[in-house]
Amino acid sequence: MGRLAILSGGGGLPVMIVAAHPDAVRVVFHGVAHAMQAPLAEHRFEKMGALFEALKAEGVTEVVLAGAMARPPLDPSQFDQTMMQLAPRLMAALQAGDDAILRLIIAIFEEQGFKVLGAHEVLPGLTVEEGLFAGPEPSEALLQDASKAMDILLALSPLDVGQGAVVAGGLCLGIETLQGTDALLRFVGDTPEHLRRGKGGVLVKAPKRGQDLRVDMPAVGPETIRNAARAGLDGIVVSAGKVVLIDRDATRAALEESGLFLFARVL
């Protein structure tokens, strides 16, 4: 049986995977912030050939990509032979959007003989299951707002924009873009009350239509809850089984403290 390698970005998800798979090979990337502890192997995106060789030498057959990772600056003068061969495909994907990049990354690892797993496949119970996770039951009006937010996300899916939207009283207050969910919630919180008919509303998080859930699965955690509360929202609705819950206990505590709800429905 082969080994698992965790290719880490930022945030707590890679650390959670390490806790469940302590013998996994831990890989971080030069210039990418992370919270991983030693033993670590650091690699450069410009030298993917070296990464593949190192993983194979360690007996790795499965990889999981976990954690936040912005598009890294690449120095073409540092490209190894493998990266030189990949460069035309990578440049085309960079012009097509994040989904195209992630699909290409999966394809490249599979071409090298690795099986790419999703974080939810190596951490059972990681996602939010259908029903109320914590907090008060959402009203019918809030569920209608959630339905409209989901309609917005589905309509935007072909454009590869984002995985979150906020709707209050039938009005769209914001859509997640490259800046992420926290930036969306700050923007919503800064919206004048006369434009949003007072406080309230719901954040919806869901994957894009047809998204490969092995990479970039939407996530919520305690900081999401706190930022939603600062934005004056009533709660969060997520796609059941398709959104990662970062630190269940801390998220539940944040919901209890803020009075917000977290509800999962099949979207």
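Scoring rules and cut-offs
- Residues numbered from 1 in each chain as written.
- Predicted model: local features only at pLDDT ≥ 70, side-chain atom pairs only at ≥ 80, totals over all residues.
- Heavy atoms only, no water.
- Pairing = 2+ DSSP bridges.
- Helix = DSSP H or I, 4+ residues; strand = E, 2+ residues; numbered from the N terminus.
- Axes fitted to C-alpha atoms, helices over the stretch in contact; angles between N-to-C directions.
- Contact = heavy atoms within 4.5 Å.
- Parallel < 35°, antiparallel > 145°, perpendicular 65-115°, else oblique.
- Left-handed = near helix turned anticlockwise from the far one by under 90°.
- Nonpolar A, V, L, I, M, F, W, Y, C, P; charged D, E, K, R; others polar.

### A closer look at the sheet that holds strand 8 (residues 171-175)
The sheet built from 6 strands is open, its strands ordered 6-13-11-9-7-8 with mixed pairing. The open sheet has two edge strands with one neighbour each: strand 6 (131-134) and strand 8. On average, each strand axis in the sheet is inclined to that of its neighbour by 25 degrees, with strand direction left out of account. Where strand 9 (residues 202-205) and strand 11 (residues 235-239) come together, 4 bridges link them in parallel fashion. From the neighbouring strand, Val202 faces strand 11, where its bridge partner is Gly235.

### Some details on the side chain of Ser8
Locating Ser8 in the fold gives a position in strand 1 (residues 3-8). When sequence neighbours within four positions are dropped, the list of residues in contact with Ser8 reads Pro14, Val27, Val28, Phe29, His34, Met36, Ala66 and Met69.

### Re the sheet that holds strand 2 (residues 25-29)
Strand order in the open sheet formed by 5 strands is 3-2-1-4-5, with parallel pairing between adjacent strands. Each edge of the sheet is formed by a strand with only one pairing partner; in this case those strands are strand 3 (41-43) and strand 5 (115-117). Each adjacent strand pair in this sheet contributes to an overall mean axis angle of 30 degrees, direction not counted. Two elements, strand 4 (residues 60-66) and strand 5, share 3 bridges in a ladder whose sense is parallel. Note on strand 5: the bridge partner recorded for Glu62 is Lys115.

### Looking at unusual backbone geometry
Along the chain, Ala38 connects to Pro39 via a cis peptide bond; the corresponding omega equals 5 degrees. Position of Pro39 among the secondary structure elements: in the loop between strand 2 and strand 3. Phi at Asp216 is positive, roughly 60 degrees, even though this residue is not glycine. Within the secondary structure layout, Asp216 lies in the loop between strand 9 and strand 10 (219-220). Phi angles above zero are rare outside glycine, and Asp247 is one such case at about 60 degrees. Residue position: Asp247 is located in the loop between strand 12 (244-245) and helix 10 (248-258).

### A word on the packing of helix 7 (residues 181-189) against helix 9 (residues 222-230)
The packing of two helices is summarised by the inter-axis angle and the distance between the axes. Between helix 7 and helix 9, the shortest axis-to-axis distance is 8 Å and the interhelical angle comes to 15 degrees. Overall, the two elements helix 7 and helix 9 adopt an arrangement that is roughly parallel. Where helix 7 crosses over helix 9, the two elements pack in a sense that is left-handed. Contacts from Thr181, Asp182 and Leu185 of helix 7 reach helix 9 at Thr224, Asn227 and Ala228. Here the contact of helix 7 with helix 9 is composed, by residue class, of 2 nonpolar, 3 polar and 1 charged.

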